[in-house]
Amino acid sequence: MTRKRSNKSRFEKDPFAEREASKYDTPIPSREFILSLLKDANRLMNREEIAAACGLEEPDDIEALRRRLRAMERDGQLLRNRRGGYGLVERMDMVRGRVIGHPDGFGFLVADEGGDDLFLSPREMRAVMNGDRVVARVTGIDRRGRREGSIVEVLERNTHRVVGRIYFESGVSFVVPDHKRLTLDIRIPPEQVAGARQGQFVTAEIIEQPTQRSGPVGKVIEVIGDHMAPGMEIDVAIRAHELPLEWPDAVEDEIQGLAGEVTSAALRGRVDLRDVPLVTIDGADSRDFDDAVFCTRTPKGWRLTVAIADVSHYVKPATALDAEGHLRGNSVYFPERVIPMLPEVLSNGLCSLNPHVDRLCMVCEMYIDQTGKVTRSRFMEAVMRSHARLTYDEVAAMLVDNDSKLRSKYEPVLDNLEELYSLYKVLRRIRSRRGAIDFETTETRIVFSADRKIERIVPVVRNDAHKIIEECMIAANVCTARFLGRHKLPTLYRVHEGPQADKLTDLREFLGELGLSLGGGEKPSAGDYAKLLSKIQDRPDAHLIQTVMLRSLSQARYSPENIGHFGLAHDEYLHFTSPIRRYPDLLVHRAIRHHLQAEERYRKKHGKAPKPGATAEGFPYSVPEMQSLGEHCSMTERRADDATRDAVDWLKCEYMLDKVGEEYDGIVSSVTSFGIFVELKEIYVEGLVHITALQNDYYHFDPAGHRLRGERTGRVYRLGDQIRVKVVRVDLDERKLDFELADAEAKAKAPAGKPEDKPARKGGRRKARSKRRRQK
């Protein structure tokens, strides 16, 4: 009896007992308490021992404990041996994390706790698929010095559906996944092929996950269509990257209640800006307009108003709409097709700032002095009416080219546009002095014919109108970040870290060979990068140097921790301007609304403004929750980028199918140990000249110098070199083009009168593609 009382009292010492009691009718020990118990025990404990130590005797309590221990196993907090003993993963020299598959069949385990990845051999990868969460133990060091692991347990399966082409060979049917990190073919039983024909694209559902003894088994649940059908590239990309496409019934039910126009009830308490000549400026083919701007002169500078569609008014937390928006994370923009984050009744209707109709908006109003400094700003919930829908080309024609017809047509808003342009020039000077990095990159647009065949690939030209809107949005984003930081509200910042030490070392070594240097020592600033870009802009190899500089930087992401934005040279930065297509922006709007409404209540009650941080109470998101949301939204952003890149690569390969044998001028866009990648001028497609196609020599890769050098001839192929190539092969399945040096180019490079050397050994095709994908 004494022992039971002691155990009972020990359970009552659970520091999280109150939290558990609020969540469950029959509270049980918290995860933290169980981990502490096992740590103090310094040995494995089975379920009965854990129950006894916690004073649990009732069958319901024992069952609840069983479920909790199983969940902790699934999350990688505990590991259970064959005898039923539970132990701490870190005490058992285990590593938990997520599997990243490689196209060549091996993989890596990215540990949850960080540190070096664990190499997983092809044999280990037989039982898992890309994205699975596992626990593994370190088994040794491979010949390349990498830690090698063996999978102990699969915690969570990531792949439940696979998109690929179905094949029938020798009585066996199987699906070859389109996703290059999924290297295991999916066996399809004869009764599960759903009428699919040889080579068609299908979606297969996994009904048996792989093991060490057998591969995955699936069933066809959708026949997508034939290989070369129009639009197939987007259909495949959507399914291969598991982009949510259909709206759940619960979402459809919720949007049924939305009126087509703004209701009078929604206007209560809002600032009326309908007489302010706000305008939208977007691309000619845009369908949704989520931001509007207005600028007027003041005695000390300008007043800039940035109005953003008030999505947070319509999408409330804990609704089906919100859950679906969170799941999608962002809209995905394919060539001539959009997968929206929210239904069209919002994205193209109530939350699109269409001209001459009432729309709810969240407004950032900024007062900016003659030097470009924001002297004060405020936020407000408002109602607006766009006075004009303008395009970038129209605005540039009016402001830069002084097009008289357009200036006459839009005379009522012309003063607004002129002041926007004047303010923009000041903001651009401030941007340069601040040291923001401006890389000159080329974006492309695919132009289709009426039957959706590609007519051409053209560059997207940015004019001053694009830059006006960009500077206005950046100013609003910075003000919002400062506003939420000042009021201590958890939010998601858009953070961009400086270069990592190893990439910085490689960059400096490369620059040193060109007689250049990057300032800033061990921690260069964005200004140091900007100064170097300015210094090299007239050099013939400026494109090469810029490319290497760009690759030294990390990718921007979302995080509740404000570490600044390196590329823009801002200490505080987030995304405020596109809540209709980015979930982090929606969270930012909710934080602003929470503060505005809490401040109003406080003023009514106390007759004064609250102190900074006082309005944070009651905000429904904590910092840990924001951390999780940031990781998810960063993932959905990368997922969207990967999906659109796959679709565009497919389309570019399709465009080149009838151009085999033709020659083009190009520029070396990447150099690897297995060859050089060349981007063709004017059509902006990229292909590989394999190292075996570089004749008459053995070529050695210099990673720091981004070049291949001939052993005997000394011939160098370097990043940024001009080169002429011939198209020799187009592989639509692999999304890959093969080039070789054009005859004139090859003769010019080959030394006359010398015997041809044995070419370097050809590497695997998958290896070439996978290395290139990593470099992207």
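These numbers were taken from a predicted model, which means no experiment stands behind them.

Basis of the calculations
- Residues numbered from 1 in each chain as written.
- Predicted model: local features only at pLDDT ≥ 70, side-chain atom pairs only at ≥ 80, totals over all residues.
- Heavy atoms only, no water.
- Buried < 20%, exposed > 50% of the residue type's maximum accessible area, 1.4 Å probe, protein only.
- Helix = DSSP H or I, 4+ residues; strand = E, 2+ residues; numbered from the N terminus.
- Contact = heavy atoms within 4.5 Å.
- Pairing = 2+ DSSP bridges.
- Axes fitted to C-alpha atoms, helices over the stretch in contact; angles between N-to-C directions.
- Parallel < 35°, antiparallel > 145°, perpendicular 65-115°, else oblique.
- Left-handed = near helix turned anticlockwise from the far one by under 90°.
- Nonpolar A, V, L, I, M, F, W, Y, C, P; charged D, E, K, R; others polar.
- Disulfide = S-S within 2.5 Å.
- Salt bridge = Lys/Arg side-chain N within 4 Å of Asp/Glu carboxyl O.

Engineer: Help me get a handle on helix H17 (residues 526–536), residues and values and all.
Structural biologist: Most of H17 is tucked away, with 8 of its 11 residues classed as buried. Those residues of H17 not exposed but buried are Ala526, Gly527, Asp528, Tyr529, Ala530, Leu532, Leu533 and Ile536. Turning to H17, the residues buried within the fold contact helix H16 (501–513) and helix H18 (542–551).

Engineer: Now, about the sheet that holds strand E29 (residues 699–702): what can you tell me, with residues and values included?
Structural biologist: On the basis of which strands lie adjacent, the open sheet formed by 3 strands has the order E29-E30-E31 and antiparallel pairing. Lying at the two open borders of the sheet, with one neighbouring strand each, are E29 and strand E31 (716–718). Going from strand to strand, the sheet's axes swing by 20° on average, the running direction of each strand aside. Pairing of strand E30 (residues 707–710) with E31, which is carried by 3 bridges, proceeds in the antiparallel orientation. Residue pairing for E31: Arg707 is matched across the bridge by Arg718.

Engineer: Account for the packing of helix H15 (residues 464–486) against helix H19 (residues 583–606), with residues named and values stated.
Structural biologist: Close contact between H15 and H19 brings their axes to 11 Å; oriented N to C, the two are set at 50°. In terms of their interaxial angle, H15 and H19 are classed as oblique. At the point where H15 passes H19, the crossing takes the left-handed sense. When H15 is examined against H19, the residues Thr480, Phe483 and Leu484 are found in contact with a partner set consisting of Val588, Ala591, Ile592 and His595. Grouping the amino acids of the contact of H15 with H19 by side-chain chemistry returns 5 nonpolar, 2 polar and no charged.

Engineer: Describe the state of the cysteines, naming the residues involved and giving the relevant values.
Structural biologist: Inspection of the entire model under this criterion finds 0 disulfides. Of the cysteine sulfurs around Cys351, a residue in no disulfide, the closest is that of Cys361, at 11 Å.

Engineer: Please give an account of the environment of His570 that cites residues and values.
Structural biologist: Looking at where His570 falls in the secondary structure, it is placed in the loop between strand E25 (557–559) and H19. C-alpha separation for the pair His570 and Gly145, spaced 425 residues apart in sequence, amounts to 40 Å. Those residues in contact with His570, other than ones at most four positions away along the chain, are Arg434, Ile474, Val478, Gly564 and His565.

Engineer: Please set out the pattern of salt bridges residue by residue, giving values where relevant.
Structural biologist: This model, assessed by the stated rule, comprises 48 salt bridges. Two residues, Asp665 and Arg724, come together in a salt bridge whose shortest N-O distance is 3.0 Å. You can see Asp665 sitting in strand E26 (residues 663–672) and its partner Arg724 sitting in strand E32 (residues 722–731), a full 59 residues away along the chain. Among the residues examined, Asp665 registers a relative accessible area of 40% and is labelled partly exposed. Arg724 sits in the partly exposed class, given a relative accessible area of 29%. Between Arg707 and Asp702 there is a salt bridge, with the nearest N and O atoms lying 2.9 Å from each other. Given the relative accessible area of 22%, Asp702 is considered partly exposed. Look at the salt bridges and you will find they share partners, linking Glu222, Asp235, Arg239 and Arg337 into a network.

Functional significance is not addressed by these values, which are geometric in nature.
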